[in-house]
Amino acid sequence: MKPIALAASAALLLAGTPATFAQDAMSFFVTSVGLGDGANLGGLEGADAHCQQLAEAAGATGQWHAYLSAEGVNARDRIGSGPWTNVKGEVVANSIDELHGDSNNITKATALTETGGTVAGRGDEPNQHDILTGSNADGTLSSGNTCGDWTLNGEGTAMVGHHDRMGPEDLATGKSWNAAHPSRGCGQEALIGTGGNGYFYCFRVE
């Protein structure tokens, strides 16, 4: 092989290395697609399976859980101990306390999907910044705000967070990544009408 060809091949190999490394190191993402049935995710088990499927399809390893609370279950207790990084290798939080404190690094620019896509936020059309959590700001259960523990697609409410940390008013709740406000309902149209699309956060547990 000629020297020029060898150099070109080496350059291509090196160019692909960072992306591969980041994909394997990823331990946090926002689902690129929901399940399409509103907040009926098939319970925590169904939501976890969705995270696992998306992660594996993207080439990520490990066990994945959805950041969702349910009756008797707190989201903060389901996701391991950190640190967590997105597909680009950017750290969003080093620990549970940091994740639920003021110094976490969850923003529109870092809360990427498993494929590296940016989720539409406030100011985009359509706005899809409502991320299902069912949780309070500290990661504990927001009682009555889990759409029947993620089995309902009609009446009810789900607590959502804003991945872009933006709201209609300059309030702490509007800037919360995990506890901004309850949804209008549990159906797909209700979630879209509030400013979401049935997305949720996924974290690698191990």
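Given the structure is predicted, the values throughout are model-derived calculations rather than measurements.

Chemist: What should I look at first to understand helix α2 (residues 43–57) in this one?
Modeler: With 15 residues, α2 should cover 21 Å at 1.5 Å per step; its first-to-last C-alpha distance of 21 Å lies within 8% of that length. Within α2 the residues assigned to the buried category are G43, L44, A47, D48, H50, C51, Q52, L54 and A55. Next to the buried residues of α2 lie β1 (28–30), β2 (64–66), α4 (147–150) and β8 (196–204). Positive phi shows up at G59, right after α2, with a value of about 90 degrees.

Chemist: Whenever I open this one, the state of the cysteines confuses me. Can you help?
Modeler: Each disulfide consists of one covalent bond between the sulfur atoms belonging to two cysteines. A complete count under the given rule lists two disulfides for this structure. Disulfide partner of C51: C202, at an S-S distance of 2.0 Å. One quick way to see it: the torsion about the S-S bond of C51 and C202 is about -75 degrees, and its sign makes the bridge left-handed. Note that C51 is positioned in helix α2 and C202 in strand β8, a separation of 151 residues in sequence. On the basis of relative accessible area, C202 is assigned to the buried category, the value being 0%. Across a sulfur-sulfur distance of 2.1 Å, C147 and C186 are joined as a disulfide pair. Torsion about the S-S bond of the C147 and C186 cystine: about -95 degrees, corresponding to left-handed handedness.

Chemist: Is there a simple way to think about empty space enclosed by the protein in this case?
Modeler: Any empty space left between the atoms is revealed when a probe the size of a water molecule rolls over them. Counted by the stated rule, this structure contains one cavity of 30 Å³ or more. Estimates place the volume of the largest cavity at around 30 Å³. Forming the walls of the largest cavity are D130, L132, V160, S183, L191, T194, G196, N197 and G198. Elements represented by at least two residues in the lining of the largest cavity include exactly β5 (130–132), α5 (188–194) and β8. Among the elements that make up the lining of the largest cavity, the one with the highest residue count is β8 (three residues). Residues of the lining of the largest cavity, tallied by class, amount to three nonpolar, five polar and one charged.

Chemist: I'm lost on the environment of E155 in this one. Help?
Modeler: Looking at the secondary structure, you find E155 in the loop between α4 and β6 (159–162). A residue is classified by how much of its surface remains accessible, and E155, at 72% relative accessible area, is exposed. Taking the C-alpha atoms as reference, E155 lies 5.4 Å from G185; in sequence the two are 30 residues apart.

Chemist: Can you walk me through the packing of aromatic side chains in this structure?
Modeler: On inspection of all chains with the given rule, the structure shows eight aromatic pairs. Judged by centre distance (5.8 Å) and plane angle (45 degrees), the rings of Y67 and F203 are tilted. Note that Y67 is positioned in the loop between β2 and β3 (84–85) and F203 in strand β8, a separation of 136 residues in sequence. For F203, a relative accessible area of 0% gives the class buried. Aromatic ring contacts, followed pair by pair, group F28, Y67, W84, W177, Y201 and F203 into a single cluster.

Chemist: Explanation requested: the confidence of the model for the protein chain in the structure shown.
Modeler: Detailed reading of the predicted model is not advised wherever pLDDT is low. A residue-level look at the protein chain finds 87% of positions with pLDDT of 70 or above and a mean pLDDT of 90. Throughout residues 1–21 the model reports pLDDT below 50, and contacts reaching past four residues in sequence, or to other chains, amount to two contacts.

What counts, and at which threshold
- Residues numbered from 1 in each chain as written.
- Predicted model: local features only at pLDDT ≥ 70, side-chain atom pairs only at ≥ 80, totals over all residues.
- Heavy atoms only, no water.
- Helix = DSSP H or I, 4+ residues; strand = E, 2+ residues; numbered from the N terminus.
- Expected span 1.5 Å × (residues − 1).
- Buried < 20%, exposed > 50% of the residue type's maximum accessible area, 1.4 Å probe, protein only.
- Contact = heavy atoms within 4.5 Å.
- Disulfide = S-S within 2.5 Å.
- 1 Å grid on protein atoms, 1.4 Å probe; cavity = no way out; pocket = protein on both sides within 12 Å on 5 of 7 lines; lining within 4 Å.
- Points joined across faces, edges and corners; volume = space filled by probe spheres on them.
- Nonpolar A, V, L, I, M, F, W, Y, C, P; charged D, E, K, R; others polar.
- Phe/Tyr/Trp six-rings, centres within 6.5 Å; stacked < 30°, edge-to-face > 60°.
- pLDDT = per-residue confidence, 0-100.

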